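Each chain is listed here by its residues.
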Amino acid sequence: AERSEFPASLSAERQAEAILRRLGSPELLESELFKQKGRRLTAQGDSESAEESFAHARALLLKHRPADDALVMRAENNYLLSLNDSRAALEGLQALAVLRERVLGPNHPETALTHHNIGFELLTLGQCGDAEKEVRMALASRLSAGEPSPLRLGREHTLLARVLGCLHRDDAAIAAQQQGVELLKQGGAPEESLRTDLQYLLDLLIAARRPLAEQQRVQEALAQLNE
């Protein structure tokens, strides 16, 4: 589903459902299936059904594990990100950040992820100054923990670039986006994601009236992806 191979994803989902029935539908495995189904629905743009799937996955987990269990906190994160109400999502993510910092520590990757998601919701609400604080906190946390994944670091930088763009700090936004794109390339980001980030970089360069040579290099990179 993450590669937009939806027929194959649905086929795998049906096979998983059949296996679960033969196993007697154990609720912890069923929760995992609903999580993956939510991811497929999210990728297909069906946010309402995705929200229902993530809510069901969370409810099944809570029957067997406490609220501060790592799996339950992941399920809570998935559910909150599926909400169409950004303010409700923000409030839930802020509470989740407090819980994850207490249970996992401030530099745990999932704590950093929560601050990243808070930054995204704040950006959606137009609270760009607060969003910058959260994204920089997420980035600092990953670097302090020795984050080995260029893909995750790239996503932090590209979100930071959008926040800086919202704050009209064009040069800083361009620098962050350029670094983010390079990290995403190193991390083997999906082409569709890379295409979106290259296009945003090009838009920044055009808006800032950067030299045509800089713009052309990004245009060439986009053309290679489109071949």
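Just above, that's the structure.
So, how was this worked out
- Residues numbered from 1 in each chain as written.
- Predicted model: local features only at pLDDT ≥ 70, side-chain atom pairs only at ≥ 80, totals over all residues.
- Heavy atoms only, no water.
- Axes fitted to C-alpha atoms, helices over the stretch in contact; angles between N-to-C directions.
- Helix = DSSP H or I, 4+ residues; strand = E, 2+ residues; numbered from the N terminus.
- Parallel < 35°, antiparallel > 145°, perpendicular 65-115°, else oblique.
- Left-handed = near helix turned anticlockwise from the far one by under 90°.
- Contact = heavy atoms within 4.5 Å.
- Nonpolar A, V, L, I, M, F, W, Y, C, P; charged D, E, K, R; others polar.
- Disulfide = S-S within 2.5 Å.
- Buried < 20%, exposed > 50% of the residue type's maximum accessible area, 1.4 Å probe, protein only.
- Salt bridge = Lys/Arg side-chain N within 4 Å of Asp/Glu carboxyl O.
- Phe/Tyr/Trp six-rings, centres within 6.5 Å; stacked < 30°, edge-to-face > 60°.
- Lys NZ or Arg CZ within 6 Å of the ring centre and 35° of its normal.
- Patch = residues over 30% accessible without salt bridge, like charges linked within 9 Å, V, L, I, M, F, W, Y side chains within 5 Å.
- Areas by Shrake-Rupley, 256 points an atom, 1.4 Å probe, with all protein chains shown as cover.
- Core = buried A, V, L, I, M, F, W, Y, C linked by side-chain atoms within 4.5 Å.

A.B. asks: Describe in detail the packing of helix α8 (residues 150-166) against helix α10 (residues 191-207), supporting the description with residues and values.
C.D. replies: Packing of α8 against α10 leaves a shortest axis separation of 12 Å and a crossing angle of 30°. Compared by their axis directions, α8 and α10 come out roughly parallel. In terms of crossing hand, the pair formed by α8 and α10 is left-handed. Where α8 abuts α10, its residues T158, A161, R162 and G165 lie against T196, D197 and Y200. Among the residues making up the contact of α8 with α10, the classes are represented as two nonpolar, three polar and two charged.

A.B. asks: Which residues make up the state of the cysteines, and what are the values?
C.D. replies: What the rule picks out here adds up to one disulfide. Between the sulfur of C128 and that of C166 lies a disulfide, 1.7 Å long from S to S. Measuring handedness by torsion sign, the sulfur bridge of C128 and C166 sits at about 45° and is right-handed. On the criterion of sequence distance, the pair formed by C128 in helix α7 (residues 128-144) and C166 in helix α8 is long-range, its members being 38 residues apart. The exposure class of C166 is partly exposed, given its relative accessible area of 30%.

A.B. asks: Any details on the pattern of salt bridges? Residues and values, ideally.
C.D. replies: What the rule picks out here adds up to 16 salt bridges. The closest approach of N and O atoms between D197 and R162, which form a salt bridge, is 3.1 Å. Separated by 35 residues along the polypeptide, D197 in helix α10 and R162 in helix α8 bring together distant segments of the chain. For R162, a relative accessible area of 23% gives the class partly exposed. Of the charged contacts in the structure, one is a salt bridge between R210 and D171, with a shortest N-O distance of 3.3 Å. In this pair, R210 is assigned in the loop between α10 and α11 (212-226) and D171 in helix α9 (residues 170-186), connecting sequence segments 39 residues apart. On the basis of relative accessibility, which here comes to 52%, the residue D171 falls in the exposed class. Here the salt bridges do not stand alone but share partners, grouping R74, R100 and E110 into one network.

A.B. asks: Any chance you could break down the packing of aromatic side chains for me, citing the residues and the numbers?
C.D. replies: Evaluation of the coordinates by the stated rule reveals zero aromatic pairs. Between the NZ or CZ atom of R58 and the centre of the ring of Y79, over which it lies, the distance is 4.1 Å. Above the plane of the ring of Y200 lies R162, whose end atom (NZ or CZ) is 4.2 Å from the centre.

A.B. asks: A description of the environment of G126 should follow, citing residues and the corresponding values.
C.D. replies: If you trace the backbone, G126 turns up in the loop between α6 (109-124) and α7. Linking G126 and V163, residues 37 residues apart in sequence, is a C-alpha distance of 9.3 Å.

A.B. asks: Can you tell me about a nonpolar patch on the surface, naming the residues and giving the values?
C.D. replies: On the surface, I19, L23 and L29 cluster together into a nonpolar patch covering about 280 Å² of accessible area. Mapping L29 onto the fold places it in helix α2 (residues 27-43).

A.B. asks: Please set out the nonpolar core residue by residue, giving values where relevant.
C.D. replies: If you look at soluble globular proteins, the nonpolar side chains tend to sit buried side by side. Counting 41 residues, the largest nonpolar core has L80, I118, L123, L194, L198 and V218 as its most contacted members. If we skip the residues at most four places from it in the chain, L80 touches A88, A89, G92, L93 and L96.

Everything listed is a geometric property; what it means functionally is a separate question.
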